[in-house]
Structures are given as C-alpha cells and as structure tokens.
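Structure at a glance
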Protein chains: 2
Amino acid sequence: MNTAQGARARARIEVTAAIKDEARRQLAAEGAAKLSLRAVARELGMVSSALYRYFPSRDELLTALIIDAYDSLGESAERAHEAAAGAEPLDRWVTVCEAVRGWSLDHPHEYALIYGSPVPGYTAPQTTVPPAARVGLLLIGVVRDAHHTPGGLRTLPPLPEELRPEADRIAADLAPDLPPEAVTALVAAWSQLYGLVGFELFGQFNRVVEARAPFFRHAVRQLGWGVGLR
Amino acid sequence: MNTAQGARARARIEVTAAIKDEARRQLAAEGAAKLSLRAVARELGMVSSALYRYFPSRDELLTALIIDAYDSLGESAERAHEAAAGAEPLDRWVTVCEAVRGWSLDHPHEYALIYGSPVPGYTAPQTTVPPAARVGLLLIGVVRDAHHTPGGLRTLPPLPEELRPEADRIAADLAPDLPPEAVTALVAAWSQLYGLVGFELFGQFNRVVEARAPFFRHAVRQLGWGVGLR
DNA sequence: CACGAAACGAGAGCACTGCTCTCTCAACTC
DNA sequence: GAGTTGAGAGAGCAGTGCTCTCGTTTCGTG
C-alpha cells in the first residue's frame, strides 16, 4: 500500500528524512543549541520558510531527533543484549550498560539531547515515552530472567518502612513478578548508570578517572550486584 | 585595603555584581539558553554594549555563574554536613546527599548549568575546578572519618585485576589513606548521586517514582553502604 | 595642579536567528 | 477540465551576540 503512494507523498517522506538527516549532522557537529533551521534549509538548497511545511517549529524538529536518538540508543542496547543471549545475567547486565556507554560516547550531542539538561523551555511530549523506555525495559528483562532462573536473585536487604508502599507501587507498575526490593534497586541503578555515563561524557571525570572503560565495567558490575544479580 | 578603593573600582564591583544578579534571575526564570545579554542590560538600564566592559562574552558571564553555582551548592552541602557533625558517618553521608538534592530542586536551572549538558560549544575553564570539587571532597571526608573511627569501613570486595593500577592511582590522588576499593567505589557513587538527582530533576522519574524523597534517601543510603559505610 | 591615559556608557550597525505572511506554481481530486 | 490543496520562494519582524566609534568621566602621574 505504501509503494504506489502519490509522488507528492513520497517526496514528502524523502524531504522529511533529508531534513532530519541534515539536522542530525548539525547536531552531531555543533550541539543542540547551534542547530539552526535556516542552516539546515540552506544546506538542503531550500529557503527557511519552506522547512515549516515539514516541522511546525524548531522544537518539533528537536522532538523528532530526540525520538530517533532514544530509538538508536535502544536498538544499540538491544542488539548488544541479543549478542550476549547465552551469558550469565550479570554479564548481560554489564553488556547492556556498556552498550549504553558506547553509544553515548559515539553520539555525545544526541546523548546530551536526551539525558542532559532538557533544551531550555522545552518539555518532551508523551510521544517520547515509549522509545525512552527501551533501555529500562531491557534492564528489567535481564533481572527478570535472572529471577526465573535456578539460583535466582540474591535476597536484598529489606526496604525501610517509609518506602514500602511506594516500592510496592513501582513494582506493580514495572515488574509485578519481581520482589519490590529488586525493582526499587533497579530504578535507582538505571538512573545511576546515566550518572556514570554523564560524568564521563561531560568531563567531570577529567583528571580524576583515566582508565574509563575498566572503571565503568567495574562500577556497573557493582550496580548489577546491587539489584540482586550474582 | 579594600575599603578605600577608588570610586571607580567600587562602582565596577557593584555593577559586576548587579549584572550577575540579574543574569542569575533570568537564569532561574528561563534557563541558560534564554539568558540574553541584551535583556540583562535592558533590565539594568544600560545598553548592551556597555555590558561588554564587564564580561567579554556571554560565555564568560556563564562561567561566572557556573562558579557561583558550584560554590552555592558546595556551601549548602557543607552547612548540612556541619549541622550533622555528631551523627554516624552513614547518616552524614545521607545528609550531604540530601543537601545536594535539596539545592538542586531549589535551583534547577543552575543545576542544569553545571551538571546538565555543558552549554554547547562551551568547555569550562580550569577556574571552575576547585569550586566543583567541594561536594566531592565532602564525601571523601565522610568516608575518611569513618575509616579512622573504631569499627572503620566494611571490607569491600576485591577489585578486578584490570582496574588495580587505575584504582591505586585514583586513591593516591584523592585519599592515600583509604583503601583503593573504597576510593573507587566513592568516585562511582559520586557520579551516581548525580544520576539520581538528574533523573528526578529532568523528568525521567515522571510516572515512575512518585515518593521521591524516601526513594532518594534509600538509594543514597545504599550508595553509602556500597562505599563501605555501615 | 594639569594633562594624558584609561575606563566607561551610548549608539549605530553587522550577521545571524525563529517565525509569519503573502504570493505563485505544481500536483492531486472530483 | 475546474477547483482544491500542498509546496516553495521571498520579504519582513523582532530578537540575538558582538564590534566599532565617539564623547565623557575618572584616575594616576609628571
């Protein structure tokens, strides 16, 4: 049904893609704040106003790039996970984390776009939620696999009283089959993973950590251990 | 010697402060990207070009704000630490972390300025390093105190072979009196703290974590436990 | 004290930005 | 084939960072 679309519709798809490609190029080269609609249009041989036929505003273009970035990151992580299919859960956990780190080092500006400060004045629409969840779901999957495997998860220390209801709620939302202690630890570890990546990427580790890959590997292994993997 | 400075010099100090204050106001209101030199000048009743007598560029203004932000955060954390002087190390650790979170929630745009994506194309000069280190030094201090206290630190799991030299180097740089396992865990925990804060601040926890304070408290307590505190 | 240097503020101007509006022309629909 | 819709061009608006020039004020020094 798509193949014999009108010439108009096909052109629209192509131009839209070309705009995103060029925008991504500029994003990679200069960062989000220097992404200029006019420059994109110029590079594509069009005039800036024509671009508004495809994206109603600069923010909408950025949203499109954000979604693509989440998907690109998610796909990287999922591929790495599949490639490690046979391994121990803890090793798969480390593999996924390293894929996140690798993608981030390869796409620093796109990382900044999705996990750095949200572009000021800009709040991401709901559309971005599912792609954004991919890495998280992957990590949940690793822990769930471990849980349903002989040996299972370590027993984690009990949650403090004040956190029990919240932990039950989070667990019910994300992974009802896992113990609340593990799900809570998982959410924390998920965010902490991005602390590690962000600090490396944004220079906070400069003159502090030199051998970044081994450091990262060790840190995320500890993180995995902390959610109950062995 | 400062009191009888020339009228010119005193005026310069005042105007410089006024510029920073107004810039901070705009930063808090709108975020870094919408901080406009012209708007600052306008608000102060000067013309934009006059502002360049005080800051050679917008980036330099931002740098000044970054340093102030680091200092403001550091001071918050230090004050909280002092207020908890008598407590157990682990409790002091949690207190410092909560002070970081509190300051960040109160100053989201300043947090974004220093720990979010670096303003694109911009790399912070060396001047920012000492203020940026304050929170880190505080955390090191807590762990060091614990180490030199009866009971001391937990014995941490041994480091992997590949990380030993790096861990020794980091420990020698930051805290030669602490075991390398602890210093390595400390650096990781330091970055992970900002993962937790950043995710809360930038909306990644929306519709996932609701009771943020208890969640955070628990997570950083685990973090402290992970560096050897008990 | 007076004079020249330095600091300061104002204003005009440049090149750039996101975005809007109007106009024309080609493609599609009925 | 006529009418509707979508695409691109161009001009224009308000805003940005930054530079340059030009009087004025202040200051250190001869």
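Residues numbered from 1 in each chain as written. Chains lettered and ligands numbered in written order. Predicted model: local features only at pLDDT ≥ 70, side-chain atom pairs only at ≥ 80, totals over all residues. Heavy atoms only, no water.

1. A look at the side chain of A:Glu181
Heads up, the condition is: Helix numbering and strand numbering both begin at the N terminus, where a helix is a DSSP run of H or I of at least 4 residues and a strand a DSSP run of E of at least 2. The contact criterion used throughout is that any non-hydrogen atoms of two residues lie within 4.5 Å.
Examined against the element boundaries, A:Glu181 turns out to sit in helix H9 (residues 180-201). In this structure, A:Glu181 is in contact with A:Leu156, A:Pro157, A:Pro158, A:Leu159 and A:Arg164, ignoring residues within four places of it in sequence.

2. Details of the protein's contact with DNA strand D
Formally: Any residue with a heavy atom lying within 4 Å of a molecule or strand is counted as near it. Two N or O atoms count as a polar contact when they lie within 3.5 Å, although within protein this holds only if one can serve as hydrogen donor and the other as acceptor, and sequence-adjacent residues are included solely when both atoms are side-chain atoms.
For DNA strand D, the set of nearby residues contains 22 residues, the closest of which are A:Arg12, A:Arg53, A:Tyr54, B:Arg38 and B:Arg42. Of everything in DNA strand D that lies within 4 Å of the protein, sugar and phosphate atoms constitute 49%. In the model, a base oxygen of DNA strand D is placed 2.5 Å from a nitrogen or oxygen of the A:Arg53 side chain. Contact distances for DNA strand D include 2.6 Å between a phosphate oxygen and a side-chain N or O atom of A:Tyr54.

3. What to know about the layout of surface pockets
Where empty space is left becomes clear once a probe the size of a water molecule has been rolled over the atoms. Stated precisely, the cut-off is as follows: A pocket here means an open set of points on a 1 Å grid, computed over the protein atoms alone, that has protein on both sides within 12 Å along at least five of seven lines. A cavity is instead a set of points where a 1.4 Å probe fits but cannot get out; residues with an atom within 4 Å of a point line either one. Grid points are joined across faces, edges and corners, and a volume is the space filled by probe spheres set on the points. Residue polarity follows a fixed list, in which Ala, Val, Leu, Ile, Met, Phe, Trp, Tyr, Cys and Pro are nonpolar, Asp, Glu, Lys and Arg are charged, and the others, Gly among them, are polar.
Each pocket or cavity is described by its volume, and for the second largest pocket that value is around 750 Å³. If you go around the second largest pocket, you meet 34 residues; those closest to its centre are A:Gln222, A:Trp225, A:Gly226, B:Gln222 and B:Gly226. Broken down by secondary-structure element, the contributors of at least two residues to the lining of the second largest pocket are H9 and helix H10 (212-226) of chain A together with helix H9 (180-201) and helix H10 (212-226) of chain B. Here the lining of the second largest pocket is built from residues that sort into 20 nonpolar, ten polar and four charged.

4. Some thoughts on the interface of chain A and chain B
To be explicit about the condition: Two parts placed together each lose some accessible area under a 1.4 Å probe, and the buried area is that loss summed for both. Think of a salt bridge as a Lys or Arg side-chain nitrogen and an Asp or Glu carboxyl oxygen that are within 4 Å of each other.
If you look at the interface, chain A gives 48 residues, while chain B gives 47 residues. Summing both partners gives a buried area of about 3900 Å² for chain A against chain B, and 66% of it is carried by carbon and sulfur. Counting every contact that joins chain A to chain B gives two salt bridges. In this structure, B:Glu162 engages A:Arg217 in a salt bridge whose closest nitrogen and oxygen atoms are separated by 2.9 Å. Our enumeration of links across chain A and chain B arrives at eleven residue pairs in polar contact (both at pLDDT 80 or more). Mapped onto the side of chain A that touches chain B, the elements with two or more residues apiece are helix H6 (108-115), helix H8 (164-174), H9 and H10 of chain A. Counting residues per element, the side of chain A that touches chain B draws most heavily on H9(A), at ten residues. Considering only residue class, the side of chain A that touches chain B consists of 29 nonpolar, twelve polar and seven charged.

5. So, the protein's contact with DNA strand C
Taken together, 22 residues lie near DNA strand C, and A:Leu37, A:Arg38, A:Arg42, B:Ser49 and B:Arg53 sit nearest. Looking at DNA strand C alone, sugar and phosphate atoms form 45% of those within 4 Å of the protein. Separating a base oxygen of DNA strand C from a side-chain N or O atom of B:Arg38 is a distance of 3.4 Å. Side-chain polar atom of B:Arg53 to a base oxygen of DNA strand C: 2.4 Å apart, as the coordinates give it. Looking at which element gives the most residues to the surface near DNA strand C, the answer is helix H2 (residues 37-43) of chain A, with three residues.

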